Amino acid sequence: MSTPALARSPGCGSPLALARRRRRRTTGVVLGGLLATLVGVLAVRVLLGDYTVTPVDLVRILRGEMIPVATFVVMESKLPRAVTALLGGMCLGAAGALLQDHVRNPVASPDVLGVTSGAGLGAVVGAVVLDLRGPAVTGCALAGAVVATALVVGLAGRGPRASTRLIVGGVATAAACHALVQWVLLRSSITGAHEALLWVTGSLGAATWDGIRWLALATLVLLPLAVTVGRVSEITALGDDLAAGLGVDLRRTRAAVLVLVVLLVAAVCALTGPIAFVALLSGPIARRLLRGRPTVVAAALVGAITLVTADHVAAYALPGTNLPVGVVTGAIGAPFLIWLITRRPTEVR
């Protein structure tokens, strides 16, 4: 076989095969680096702080040994918050990347589109007005997210300007949800309003192992589905006409994306409240690390790293003050959103 024919063949030496191997190698390196970073920030969150724990003592505690003070601090405070941040960050990161890739807009996150605000409103009504607890609050958060999403999608409609109407409708819906939350808080007792206000800001302070079990179950079920649907969204990102030509059912894919985004966000909001900007940050950061290629897995890892780090900063940045984690993510995310809009205006459409 001649050399030109060999170069054109789809074998191991073809340019296409080399590009695919290079892409897989880059993806593996990035995912490996993100996973190592996540392990590192988890170790910092659990071991360091105002009460330090040695790695040896941590292993002993996880094996069931009782160490005075250390066991209580790790099992009732540090570890629940770290695990909640891990699971919640993965869900929010995956939801943000899934939505952004599908609508091909880097600011189309659940925060901006009102999904998070709707879930937060539903949970506040369930917890403050209806005095519900546990899974019932999760159901209220899910209902609020579904109603908000349906309203935003209805306002967006179809057509070439649907993406713009989606964002504008999402901003309006989020503002309405925030106003209703404030109204509910004004009508509640002082104690209830104070607790609900901390929760609405986004906080991991109330993390419990019972709530973590529900969130872990949701993560185990929804995250693989998000990865599967995300692979289809990579095709829709090429354009509706090309995706339809390749056999993608756009209506079914769009419905699957919205359902998964709502479920992922509602599962997190029911336990932590609406944590702002984690979903928005994760997708663009993961895409930049992978040189423009979208991936739900990378965004989920970025979301987990972001939320675990933000929770550590919120707990120890100001001595004697334990800030809600939503304050830290908001302080980081707001400038990032401004940068994203001003830096890449052609993508925000």
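Residues numbered from 1 in each chain as written. Predicted model: local features only at pLDDT ≥ 70, side-chain atom pairs only at ≥ 80, totals over all residues. Heavy atoms only, no water.

A.B. asks: Help me out: how do you make sense of the overall build of the protein in this one?
C.D. replies: When helices and strands are counted, the protein shows 14 helices and zero strands. Across the protein, helices and strands are ordered from the amino to the carboxyl terminus as α-α-α-α-α-α-α-α-α-α-α-α-α-α. Buried residues in the protein amount to 48% of all 349 residues. Summing over all exposed atoms, the protein offers an accessible surface of approximately 17,300 Å²; the carbon and sulfur share of this is 68%. (Helix = DSSP H or I, 4+ residues; strand = E, 2+ residues; numbered from the N terminus. Buried < 20%, exposed > 50% of the residue type's maximum accessible area, 1.4 Å probe, protein only. Areas by Shrake-Rupley, 256 points an atom, 1.4 Å probe, with all protein chains shown as cover.)

A.B. asks: I'm lost on the packing of helix H3 (residues 55-62) against helix H4 (residues 70-103) in this one. Help?
C.D. replies: Packed helices, taken two at a time, are described by the angle between their axes plus the distance between the axes. Interhelical geometry of H3 versus H4 gives an angle of 80° and a closest axis separation of 10 Å. With respect to each other, H3 and H4 are oriented roughly perpendicular. Residues Leu 58, Ile 61 and Leu 62 of H3 lie in contact with H4, whose contacting residues are Ala 70, Thr 71, Val 74, Met 75 and Leu 79. Taken together, the residues of the contact of H3 with H4 sort by class into seven nonpolar, one polar and no charged. (Axes fitted to C-alpha atoms, helices over the stretch in contact; angles between N-to-C directions. Parallel < 35°, antiparallel > 145°, perpendicular 65-115°, else oblique. Contact = heavy atoms within 4.5 Å. Nonpolar A, V, L, I, M, F, W, Y, C, P; charged D, E, K, R; others polar.)

A.B. asks: It is not clear to me how helix H11 (residues 250-272) should be interpreted in this structure. Could you clarify?
C.D. replies: Residues spaced three or four apart along an α-helix face the same direction, because each turn holds 3.6 residues. Between its first and last C-alpha, H11 extends 33 Å over 23 residues, near the 33 Å set by a 1.5 Å rise per residue. Phi turns positive, to about 85°, at Gly 273, one or two residues after H11. (Expected span 1.5 Å × (residues − 1).)

A.B. asks: Explanation requested: unusual backbone geometry in the structure shown.
C.D. replies: Most peptide bonds adopt trans geometry, and most residues besides glycine take a negative phi value. In this structure, Val 69 takes a positive phi of about 70° despite not being glycine. Tracing the backbone through its elements, the reader meets Val 69 in the loop between H3 and H4. Of note in the backbone geometry, Phe 277 takes a positive phi value of approximately 75° without being a glycine. The topology assignment puts Phe 277 in the loop between H11 and helix H12 (278-289). Classification of Phe 277 by relative accessible area gives buried; the value is 17%.

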